[in-house]
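Close look at the chain arrangement
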Amino acid sequence: MASIRLEHLYKRYGKDKHPVVKDFHLEIEDKEFIVFVGPSGCGKSTTLRMIAGLEDISEGNIYIGDQLVNKLAPKDRDISMVFQNYALYPNLTVYENIAFGLRMRKLPKHEIDLAVKNASRILEIEPYLQRKPRDLSGGQRQRVALGRAIVRNPKLFLMDEPLSNLDAKLRATMRMEITKLHKKLGTTFIFVTHDQVEAMTMADRIVVMKGGVIQQCDKPELIYSKPANTFVASFIGSPQINFITGKIAENDRGELEFHTNRFHLKIPEAARVILRKNNQVNKSVILGIRPEHIRLESLYSDTLITGIYKDDELMGADRFLYFDIGQDKPLIARATPETKFEDDERVKLEMDLSKAHYFHIETGERLKE
């Protein structure tokens, strides 16, 4: 098994001086499940392909274990990679697809047979060993692709959006299967996705990327509860976090308040300490609050505001409500499916400011505690 060390990786193409991946620095522990997540074009797949040896490195070093692998061919890196499109040979049976790499390495026939049957048992595809890929469902094909990776018993598994071609129900099933597989094999996994649900449910740590740069690397619960900046806060969470622009003001009693052109909110003591520490009194900031931290209230509160109802979305167990509060974008609140209002109805909304985040107006960075 192996730890991975990625030292200040850069990737440039041709004469383009702007790097697709920029100063990517990360240490991955042995047996860890790491997920690279971000929008299309953020550099996550390019980084994975550099680790695999399928892309040249413009700058930096990659270590698998203690071995520098920059110049090693993919076949010599002791890795297995699972692709988005499964990459199965259509003319070969499931058994032959799984065994293909082992046969290329000229392993004895009995060893190949043992490895294939062991992998098929783990993935529960034993009944399909004599079928061709065209006779399998999408989930079964993905299991075959995983089986082909498992039989090599590699130090490192690399997975590039392996679930993106599956329907929603099957994706949920395969998420659990891959998580169980990771625990069963006890091997290091690096998984690339643009899907925040996959990242949050599968990862030991999440690496959030934007523009080829790591925005934050942390445990899922900390990515959600303590986002490094407005990009991470908005990318992780559904529906998106609300951003409200306002000014930090001090009242006659020396308490801090959050002021907009529509309302004033009393800021809790813990947040006052953070705002003073970061020298944000009498300055504009961005307040971030998630829809689940907004409640529909009718009683007086220091954190009560009035929103004008504009629209809603029924999402099964939840209803997402959209309110005009005088900002560029509507405020989103999460409520029960039964909650309904008339168009332009004025509704009292209470914000749980103990769960709010404050971000620098210019840099977008979360104010440090």
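Presented here is a report on the structure given in the accompanying data block. (Residues numbered from 1 in each chain as written. Predicted model: local features only at pLDDT ≥ 70, side-chain atom pairs only at ≥ 80, totals over all residues. Heavy atoms only, no water.)

**Description of the sheet that holds strand β7 (residues 156-160)**
The condition is simple: Strands pair, by our definition, only if DSSP identifies at least two bridges between them. What counts as a helix is a DSSP run of H or I of at least four residues, what counts as a strand is a run of E of at least two, and both are numbered from the N terminus. Lines fitted to C-alpha atoms define the axes, with helix axes restricted to the stretch in contact, and inter-axis angles between N-to-C directions lie between 0 and 180 degrees. The contact criterion used is simple: two residues touch if any of their non-hydrogen atoms lie within 4.5 Å.
Taken in spatial order, the six strands line up as β6-β7-β8-β3-β9-β10 in an open sheet, and their pairing is mixed. Each edge of the sheet is formed by a strand with only one pairing partner; in this case those strands are β6 (79-82) and β10 (213-218). Between one strand axis and the next, the sheet turns through 15° on average, direction left out of account. In this structure, strand β9 (residues 205-210) lies alongside β10, joined through five bridges in antiparallel fashion. Across the sheet, residue Val-208 finds its bridge partner in β10, namely Gln-216. Taken strand by strand, helix α1 (residues 44-52) contacts β3 (33-37), β6, β7, β8 (188-193) and β9, and its axis lies near 150° from that of β7. Docked against the sheet, helix α4 (residues 138-150) engages β6 and β7, running at close to 170° with respect to β6.

**Things to note about the sheet that holds strand β1 (residues 4-11)**
In space, the four strands of this open sheet follow the order β2-β1-β4-β5, with antiparallel pairing throughout. Every interior strand has two partners, whereas the edge strands, β2 (21-28) and β5 (67-68), have only one. By the bridge criterion, two bridges tie strand β4 (residues 59-64) to β5 in an arrangement that is antiparallel. From the neighbouring strand, Tyr-63 faces β5, where its bridge partner is Leu-68.

**Examining the environment of Val-20**
Locating Val-20 in the fold gives a position in the loop between β1 and β2. Sequence spacing of Val-20 and Tyr-10 is ten residues, and the spatial spacing of their C-alpha atoms is 7.4 Å. If near-sequence neighbours (up to four positions away) are discounted, Val-20 is found in contact with Lys-11, Tyr-13, Cys-42, Gly-43, Thr-46, Gly-211 and Gly-212.

**Side note on the packing of aromatic side chains**
Formally: To pair, rings of Phe, Tyr and Trp, with the six-membered ring standing in for Trp, must have centres within 6.5 Å; the planes then decide the type, stacked if under 30 degrees apart, edge-to-face if over 60, and tilted in the middle. Only protein chains enter the calculation, and the probe is 1.4 Å; a residue is then buried if its accessible area is under 20% of its type maximum, exposed if over 50%, and partly exposed in between. Criterion for a charge above a ring: Arg CZ or Lys NZ at most 6 Å from the ring centre, at most 35 degrees from the ring normal.
Enumeration over the complete set of coordinates arrives at ten aromatic pairs. With 5.9 Å between their ring centres and 50° between their planes, Tyr-309 and Phe-341 make a pair best called tilted. Here Phe-341 lies in the loop between β18 (331-335) and β19 (346-351) and Tyr-309 lies in strand β16 (residues 304-314), a separation of 32 residues in the sequence. Tyr-309 sits in the buried class, given a relative accessible area of 4%. Each residue in the set Phe-33, Phe-157, Phe-189 and Phe-191 is aromatic and connected to the rest through ring pairs, giving one cluster. Seen from the ring of Tyr-63, Arg-5 lies directly overhead, with NZ or CZ sitting 4.0 Å from the centre.

**Some details on the pattern of salt bridges**
Heads up, the condition is: Here a salt bridge means any side-chain nitrogen of Lys or Arg lying within 4 Å of a carboxyl oxygen belonging to Asp or Glu.
With the rule as written, the count across this model stands at 24 salt bridges. Across the pair Glu-32 and Arg-205 runs a salt bridge whose closest N-O atoms are separated by 2.6 Å. Of the two residues, Glu-32 is situated in the loop between β2 and β3 and Arg-205 in strand β9; the sequence distance between them amounts to 173 residues. Classification of Glu-32 by relative accessible area gives buried; the value is 10%.

**Regarding the nonpolar core**
Cut-off, in case you're wondering: We define a nonpolar core as any set of buried Ala, Val, Leu, Ile, Met, Phe, Trp, Tyr and Cys residues linked to one another through side-chain atoms lying within 4.5 Å.
Counting 45 residues, the largest nonpolar core has Ile-98, Leu-146, Met-159, Ile-178 and Phe-191 as the members making the most contacts within it. Discounting chain neighbours no more than four positions away, the residues touching Ile-98 are Val-116, Ile-125, Leu-129, Val-144, Gly-147, Arg-148 and Val-151. The next biggest cluster of nonpolar side chains, apart from the first, holds 28 residues, and it includes Val-285, Ile-305, Phe-323 and Val-347.

**So, unusual backbone geometry**
Look at the link from Ser-238 to Pro-239: it is a cis peptide, with omega at 0°. Tracing the sequence through the fold places Pro-239 in the loop between α8 (230-235) and β11 (242-250). The phi dihedral of Asp-23 is positive, around 50°, even though this residue is not glycine. Inspection of the secondary structure puts Asp-23 in strand β2. The class of Asp-23 is partly exposed, set by a relative accessible area of 38%. For Asp-344, which is not a glycine, the phi torsion comes out positive at approximately 65°. Inspection of the secondary structure assignment puts Asp-344 in the loop between β18 and β19. Residue Asp-344 is classed as partly exposed on the basis of its relative accessible area of 46%.

**Focus: helix α9 (residues 269-277)**
Let me state the cut-off plainly: By construction, the arc corresponds to the directions joining the helix axis to the C-beta atoms.
Taken as a whole, α9 has its buried residues at Ala-271, Arg-272 and Leu-275. Relative to the axis of α9, the buried residues are bounded by an arc of 105° and lie together on one face. In α9, the exposed positions angled more than 90 degrees off the buried face are occupied by Ala-270 and Lys-277.

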